[in-house]
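In case you want the letters, here they are:
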Amino acid sequence: MLRDPETIHPVNENKTWPEIRDKLRQWRKEHVRCSDKIVELGEYALAHYSSNLGNEKWAVYEQLCVAALDLCPVKMKVVNRCIQKLAEQFPSSLRVSMLEGLKSEYLKKWDEALEMYNGMIEYEPTFPAPYKRKVAIYKAQGKVSDAVSELNRYLTTFSCDHESWLELADLYIGQQSYKQALFCVEELLLQHPHNHLFHQRYADILHTLGGKENLEASCKYYCRAAELNSSNVRALYGVLMSSSTLASIGKISAKAKSDNLTLAAWACDMIEEFYKSQRVGKSVILETASVLDKLSLK
Amino acid sequence: MSEVQLSLRSYAKILSHVVQYPYTAVNGVLLTPASPERKEGDGNLRRKEGNERVEVVDAVPLFHYNISLSPMLTVALTQIEEYAINRGLRICGYYHANEFHSDNDIGFVAARIADRIAENCEEGACLLLVNNEKLDHIATELPFKVFFPVRSTDRIDWKEGEEPILQYGERGLTLGPEIMKTQLYQSVVDMDSHYDDVRCHWDNAALNEVVTLFTESIPDLEEVEE
């Protein structure tokens, strides 16, 4: 029988009660989607530490239900049990109704789920979750333009929801509508000007669009991302890629070419230093150096 | 008739990648031994398209996030090419799993990346599309559709071929359920994981070792006859 101790180690083994509670809290806070681990740890916590959890157990029931839906049909009983417990404790709760809606979505009862979500929106228009589930349903049905319209409508009201701007950008990227995707990320940059990941994303889209002006702009945004976080290796590679490409374009001035070559060399040095600082193996460093040479020549 | 032979090592990595990120599209490249130097006059021996055998010995998982954006794809392919050259391998194909369970066709993104990879292959390229609906039956069949390139002057069309052949046949298929049961898929590293933490290497050496142990544990081992 195949055994690899690292991966078959039960999540709950040798963990103390506070560790279990804190792990579940961390996953809730960070919205980590490791559903198999959540189900394993959540079921264990509810079975053995229900009284320790106190009122926190309701949050764990909700967390467990959503994770168990990812593991259906095997974990459908867990889903039903969670919904039942929560409905008993919180009758006519919108959050419990959301779980019912998610279950209908899993069963591909799209009309039933949409009706439920539309009802919730009418009853409580300030509750964001059902709007987003409608978008998810349209995506699952392959109705991307409906998903885009719905998400645009949602964002006119909930314009601070950065997760939704990212989702809309992804939808546009999937449709190769890069200019619209840029607009979404611009909204994110306005709201989160110090987030290196958004600068890097903006640069990625510009680079994908291509053309001299877009490459120049992407180079600037990659530089800003690297400035905000010097460990963002994607941003460093992005500086290298964009500056090398610009240096090789025929229609630029000698000074611009020289500046771009200097920038590319700087990016190479930064990447090499970064790999060395992370103490990766010598063979990796040698291979990376060779890769950087190749990328610089392009 | 073109065919793809899939090693257990490559199968383990592709399956692990797909299962580790079930809620998003994933992709990766396929590796084969590099061809020996051609002698002059050997041109006639080159297999014509439509009659190729692609022996996939390894796979490198690429991304599970932002699959469609180009800069990191270029960096990743350059890194993998360097890795392959140093080990007597070359890139011979591309695998792709769509985001949705029912979406089992080649989309724009998959076609674009597969075209790019095929353009850099002199011969023997393939596209492995994960058939998400067959992931429930990995105990009895491989969850892949295989496509081969048909090249014309300005484009490449991908034509569906026969299902791939797995190393060790039916005995090899038992690796899939074993990966699920032991949750081995959790240890897979792709290029996205590497860029998040460069200490993780996308050669998945740990997974390779486990597959070797699995192979050694198969009783009465026989190679699949060619």
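These figures come from a predicted structure and were not determined experimentally. (Residues numbered from 1 in each chain as written. Chains lettered and ligands numbered in written order. Predicted model: local features only at pLDDT ≥ 70, side-chain atom pairs only at ≥ 80, totals over all residues. Heavy atoms only, no water.)

Let us look at the environment of Phe-147 of chain B. All names here are of chain B. Take Phe-147: it is sitting in strand 7 (residues 144-151). Overall, Phe-147 belongs to the buried group, its relative accessible area being 8%. Spatially, the C-alpha atom of Phe-147 lies 24 Å from that of Met-191, the residues being 44 residues apart in sequence. Residues in contact with Phe-147, not counting those within four places in the same chain, are Ile-106, Cys-126, Leu-127, Leu-129, Trp-158, Lys-159, Glu-160 and Gly-161. (Helix = DSSP H or I, 4+ residues; strand = E, 2+ residues; numbered from the N terminus. Buried < 20%, exposed > 50% of the residue type's maximum accessible area, 1.4 Å probe, protein only. Contact = heavy atoms within 4.5 Å.)

The subject of this paragraph is the pairing of strand 7 of chain B. All names here are of chain B. Within strand 7, 6 of the 8 residues are buried, which leaves it mostly tucked inside the rest of the structure. Examined bridge by bridge, strand 6 (residues 126-130) and strand 7 share 4 bridges and lie antiparallel to one another. Paired with Leu-128 across the bridge in strand 7 is Val-146. For strand 7 and strand 8 (residues 156-160), the ladder comprises 5 bridges, and the chain directions are antiparallel. Bridge pairing in strand 8 links Phe-148 to Lys-159. (Pairing = 2+ DSSP bridges.)

Our focus in this paragraph is the confidence of the model for chain A. Close inspection of predicted coordinates is inappropriate for parts of the model with low pLDDT. Per-chain confidence: chain A averages 91 in pLDDT, with 95% of residues scoring 70 or above. Across residues 1-9 of chain A, confidence stays below pLDDT 50; counting only partners more than four residues off in sequence or on other chains, it has 18 contacts. (pLDDT = per-residue confidence, 0-100.)

We now examine the sheet that holds strand 6 of chain B. Residue and element names in this part refer to chain B. Across the sheet, which stays open at both edges, the 6 strands sit in the order 4-2-5-6-7-8 with mixed pairing between neighbours. This sheet does not close on itself; its edge strands, each paired only once, are strand 4 (58-61) and strand 8. Looking at each pair of strands side by side, their axes are set apart by 30° on average, direction ignored. With respect to the sheet, helix 1 (residues 8-20) is in contact with strand 2 (26-33), strand 4, strand 5 (89-97), strand 6 and strand 7, its orientation differing from that of strand 4 by roughly 25°. Along the sheet face, helix 2 (residues 71-85) touches strand 2, strand 4 and strand 5 and points at about 135° away from the line of strand 5. (Axes fitted to C-alpha atoms, helices over the stretch in contact; angles between N-to-C directions.)

This paragraph deals with the side chain of His-194 of chain B. Inspection of the secondary structure puts His-194 of chain B in helix 6 (residues 191-196). Leaving out residues up to four positions away in the same chain, His-194 of chain B has contacts with Tyr-275 of chain A together with Gln-79, Val-189, Cys-200 and Trp-202 of chain B.

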